[in-house]
Amino acid sequence: MIGFYNYSVILTYLGLASAIFGMSQAITGNTKWALLCLIISGTCDMFDGKVARAMKNRTEDEKVFGIQIDSLCDLVCFGVLPGIIAYMTCPYKALGIISATLFVLAAVIRLGYFNVMEQARQKETTECRKYYQGLPVTTISMILPSVYIISHFIGIDRGPSTVYSIVLLIVAFLFVYDFKVKKPGNIGCFVMTVYGVCILAGVIFLK
C-alpha cells in the first residue's frame, strides 16, 4: 500500500472524517451538527501537530508527507465544510456560491503558500514558528460556531441567513492578508481548548 502509516496522522484523519460527516449534515439542513463537526475537526487539528512532533523517529519523507496530508485535510475541514455551511444557509444562492468559492480559493492559496514557505524554512531551521502569516484557516472552526451562538442571542438565526456568507468573505480576506498573528503557546492552547469546549456546549444546548 502506498502512503505512510503511523500514529502521527491519526488525529488528522479523524478530523477529516468529522468534516465529511459535517458536510452531509450541512447538505441536509442540520446546521448545528455541521458546526459541531467543524469544532471537532478544529480540536483534532490543534493537537495533531503535537502528536506528530512527539514521534522522534520519523523520516524526512514522513515529515513532508505529514505536512502535505495536514494541508489537504485542512482544505476539506476548514475550506470546503464552512463553504457548504454558508451556501446551504444563505437565502441568496448567488451570494452563497460567491462567498463559498472565494473562501475556498483563499484557503487553497494560503495552504499552498504555507507548504512552499514551510518546506524552505525547515531546510534552514528546526525551530517552531512563532508567528502565523495571515489568519490560520483553522480559526474558522471557532469563528463560525461563535457566530451561531451570537446570532442566537440577537435573534437572527431563525431560518436562512446571509450572516455566514458575509463572515466567510471577511475571513477569506484575512487568510491572504499579510499580517502577523502570534502562535499560541501552551497556555494559549489551553485557553483555546477551554473556549472551544464552551462553544461546543453552547452549540449543543442552544435550540
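Note: the structure precedes this text.
Criteria and cut-off values
Residues numbered from 1 in each chain as written. Predicted model: local features only at pLDDT ≥ 70, side-chain atom pairs only at ≥ 80, totals over all residues. Heavy atoms only, no water. Helix = DSSP H or I, 4+ residues; strand = E, 2+ residues; numbered from the N terminus. Buried < 20%, exposed > 50% of the residue type's maximum accessible area, 1.4 Å probe, protein only. Areas by Shrake-Rupley, 256 points an atom, 1.4 Å probe, with all protein chains shown as cover. Axes fitted to C-alpha atoms, helices over the stretch in contact; angles between N-to-C directions. Parallel < 35°, antiparallel > 145°, perpendicular 65-115°, else oblique. Left-handed = near helix turned anticlockwise from the far one by under 90°. Contact = heavy atoms within 4.5 Å. Nonpolar A, V, L, I, M, F, W, Y, C, P; charged D, E, K, R; others polar. Polar contact = N/O pair within 3.5 Å; in protein donor to acceptor, adjacent residues only side chain to side chain. Expected span 1.5 Å × (residues − 1). Bend = angle between axes of the 7 residues up to and from the residue.

*Asks:* Describe the overall build of the protein, listing the residues and the values that go with them.
*Replies:* A count of helical and extended segments in the protein gives seven helices and two strands. Taken from the N to the C terminus, the helices and strands of the protein come in the order α-α-α-α-β-α-α-β-α. By residue count, 41% of the 207 residues in the protein fall in the buried class. Of the roughly 11,500 Å² of accessible surface on the protein, 70% is carried by carbon and sulfur atoms.

*Asks:* Please provide a residue-by-residue account of the packing of helix α2 (residues 31-54) against helix α5 (residues 140-154), values included.
*Replies:* Across the interface, α2 lies against α5 with an axial gap of 8 Å and an inter-helix angle of 150°. If you check the angle between α2 and α5, you find them roughly antiparallel. Like other packed secondary-structure pairs, α2 and α5 cross with a definite hand, here left-handed. Touching Lys32, Leu35, Leu38, Ile39, Gly42 and Met46 of α2 are Ile140, Ser141, Met142, Leu144, Pro145 and Tyr148, all from α5. Here the residues of the contact of α2 with α5 sort into nine nonpolar, two polar and one charged.

*Asks:* Summarise the side chain of Ser41; cite the residues concerned and give the values.
*Replies:* Structurally, the position occupied by Ser41 is in helix α2. Residue classification places Ser41 among the buried residues on the basis of a relative accessible area of 1%. From its side chain, Ser41 meets the backbone nitrogen of Ala19 in a polar contact 3.5 Å long. Setting aside residues no more than four positions away along its own chain, Ser41 makes contact with Gly15, Ser18, Ala19, Cys77 and Phe78.

*Asks:* Explain the environment of Ser146 residue by residue, including any values.
*Replies:* Mapped onto the elements, Ser146 comes out in helix α5. Each C-alpha atom of the pair Ser146 and Leu200 lies 9.4 Å from the other, and the pair is 54 residues apart in sequence. The residues contacting Ser146, other than those within four sequence positions of it, are Tyr195 and Ile199.

*Asks:* Please set out α2 residue by residue, giving values where relevant.
*Replies:* The terminal C-alpha atoms of α2 lie 35 Å apart, and with 24 residues this matches the ideal 34 Å at 1.5 Å per residue to within 8%. In the structure, α2 departs most strongly from a straight axis at Phe47, where the bend amounts to approximately 30°.

*Asks:* Tell me what's going on with the environment of Ile84, and back it up with residues and numbers.
*Replies:* Assignment of secondary structure puts Ile84 in helix α3 (residues 60-89). In this structure the C-alpha to C-alpha distance between Ile84 and Ser24, which are 60 residues apart in sequence, comes to 9.5 Å. If sequence neighbours within four positions are ignored, Ile84 has contacts with Met23, Ala26 and Ile27.

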